[in-house]
Amino acid sequence: MSFPASLMSASMSMSSMPSYGLAMRFQVTVDGLDLGGWSACTGLKVELKVTKVTSGGDYSTEYILPDHVSYPNITLERAVHPTDSSKVKTWLEQKVRQWINYTGSGEPYAGGTGKITLLGAQGTEVMHWDLTGVYPVSWSGPSLSATDNKIAIEKLELAHQGFLSSNPRPGLGGSIK
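Now for a quick tour of the structure. (Residues numbered from 1 in each chain as written. Predicted model: local features only at pLDDT ≥ 70, side-chain atom pairs only at ≥ 80, totals over all residues. Heavy atoms only, no water.)

## Considering the layout of surface pockets
Rule in force here: Any residue with an atom within 4 Å of a point lines the site, the site being either a cavity, points on a 1 Å grid over the protein atoms alone where a 1.4 Å probe fits but cannot get out, or a pocket, an open set with protein on both sides within 12 Å along at least 5 of 7 lines. Grid points are joined across faces, edges and corners, and a volume is the space filled by probe spheres set on the points. Three categories are distinguished: nonpolar for Ala, Val, Leu, Ile, Met, Phe, Trp, Tyr, Cys and Pro, charged for Asp, Glu, Lys and Arg, and polar for the others, with Gly belonging to the last.
Here the second largest pocket defines a volume of roughly 170 Å³. In terms of residue class, the lining of the second largest pocket is made up of five nonpolar, two polar and two charged.

The structure is reproduced here in structure tokens:
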């Protein structure tokens, strides 16, 4: 990796260099449970929807009004691991039991929490996203075939209600740190 000359000096050591997040180094935790390492994370995004409005008789001005904020599902992917994949299976079993036995008396089911932590080259946290209202949406195991010479891959898809601390509804929202 090359750095701008303004960041480099003859005496600059590796430990004093800026810490950049590495897309291949991240950790995922849900409901306080470390789900182990993953090889891919997609869908970490916020979409701010707007509505464009024009005023009658004014043909040159378009007003932009805030509509709503949405968060797409997050998909995690990795090779099947004897310990970490078992943790995911146990967590999913707990969630299914909670859903089946839920007697919320008209209250919506409260999703869990999650955290995605981006790490730097030294393994230290560069940034994290606290997810609220986390729900498992799907899990898929590997396609198994005696004719394939591939690594067994599992995928976990999570819906969530956001990671921005400005979420106006109580109990929702998270933070970017």
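## Comments concerning the packing of aromatic side chains
Short version of the rule: Pairs were defined over the aromatic rings of Phe, Tyr and Trp, the Trp ring being its six-membered one, requiring ring centres within 6.5 Å. Orientation was assigned from the angle between planes: stacked under 30 degrees, edge-to-face over 60, tilted for the rest. Here, over-ring charges are defined by two tests on the NZ atom of lysine or the CZ atom of arginine: distance to the ring centre within 6 Å, and angle to the ring normal within 35 degrees.
Here the structure, examined in full by the defined rule, presents one aromatic pair. The positively charged end of Arg78 is found above the aromatic ring belonging to Trp38, 3.7 Å away from the centroid.

## Description of the sheet that holds strand S1 (residues 26-30)
Put simply, the test is: Strands were regarded as paired on the criterion that DSSP finds at least two bridges between them. The numbering of helices and of strands both runs from the N terminus, where a helix is a DSSP run of H or I of at least 4 residues and a strand a run of E of at least 2. Lines are fitted to the C-alpha atoms to define the axes, a helix being fitted only along its stretch in contact, and any angle between axes, read from their N-to-C directions, falls within 0 to 180 degrees.
In spatial order, the strands read S2-S1-S7-S8-S9-S6-S3; together these seven strands make up an open sheet with antiparallel pairing. Every interior strand has two partners, whereas the edge strands, strand S2 (33-37) and strand S3 (40-42), have only one. With direction set aside, neighbouring strand axes in the sheet form an average angle of 35 degrees.

## Re a nonpolar patch on the surface
Basically, it comes down to this: Here, patches come from residues exposed beyond 30% relative accessible area and free of salt bridges, joined within 9 Å for like charges and within 5 Å for nonpolar side chains (Val, Leu, Ile, Met, Phe, Trp, Tyr). Throughout, the Shrake-Rupley method with a 1.4 Å probe supplies accessible areas, and for residues the shown protein chains are the sole cover considered. The term salt bridge refers to a side-chain nitrogen of Lys or Arg lying within 4 Å of a carboxyl oxygen of Asp or Glu.
Judged by side-chain polarity, Val53, Tyr63 and Leu65 come together as a nonpolar surface patch covering roughly 250 Å² of accessible area. Residue position: Tyr63 is located in strand S5 (residues 62-70).

## Some words on the side chain of Arg78
What counts here: A 1.4 Å probe rolled over the protein chains alone gives each residue an accessible area, and that area as a share of the maximum for its type sets the label: buried under 20%, exposed over 50%, partly exposed in between. Within 3.5 Å is the distance limit for a polar contact, defined as a pair of N or O atoms, with the added protein rule that one can donate a hydrogen and the other accept it, and that residues adjacent in sequence qualify only through two side-chain atoms. Here a residue-residue contact requires only that any non-hydrogen atoms of the pair lie within 4.5 Å.
Its location among the elements puts Arg78 in strand S6 (residues 74-79). In this structure Arg78 comes out as buried when scored by relative accessible area, which is 3%. Side-chain polar atoms of Arg78 contact the side chain of Glu154, separated by 2.7 Å. If sequence neighbours within four positions are ignored, Arg78 has contacts with Leu35, Gly36, Gly37, Trp38, Ser39, Asp84, Ser85, Val88, Ala152, Ile153 and Glu154.

## Details of unusual backbone geometry
Unlike most non-glycine residues, Asp31 shows phi in positive territory, near 50 degrees. With respect to the element layout, Asp31 can be found in the loop between S1 and S2. On the basis of relative accessible area, Asp31 is assigned to the partly exposed category, the value being 33%.

## Let's talk about helix H1 (residues 84-100)
The condition that has to hold: The span one expects for a helix is its residue count, reduced by one, times 1.5 Å. It is the directions from the helix axis to the C-beta atoms that the arc portrays.
With 17 residues, H1 ought to run about 24 Å at 1.5 Å a step, and its terminal C-alpha atoms sit 25 Å apart, in line with that. All of the buried residues along H1 are Asp84, Ser85, Val88, Trp91, Leu92 and Lys95. For H1, the buried positions fall inside an angular range of 120 degrees around the axis, keeping them on one side. Of the residues in H1, the exposed ones pointing more than 90 degrees away from the buried face are Lys89 and Ile100. On the buried face of H1, the contacting elements are S1, S2, S6, strand S7 (112-119), strand S8 (125-140) and strand S9 (153-159).

## Looking at the pairing of S9
Pairing analysis gives six bridges linking S6 to S9, with the strands arranged antiparallel. Of the residues in S9, the one forming a bridge with Ala79 is Ile153. Of the strand pairs in this sheet, S8 and S9 are connected by five bridges, and their pairing is antiparallel. For Ser140, the partnering residue across the bridge sits in S9 and is Lys155.

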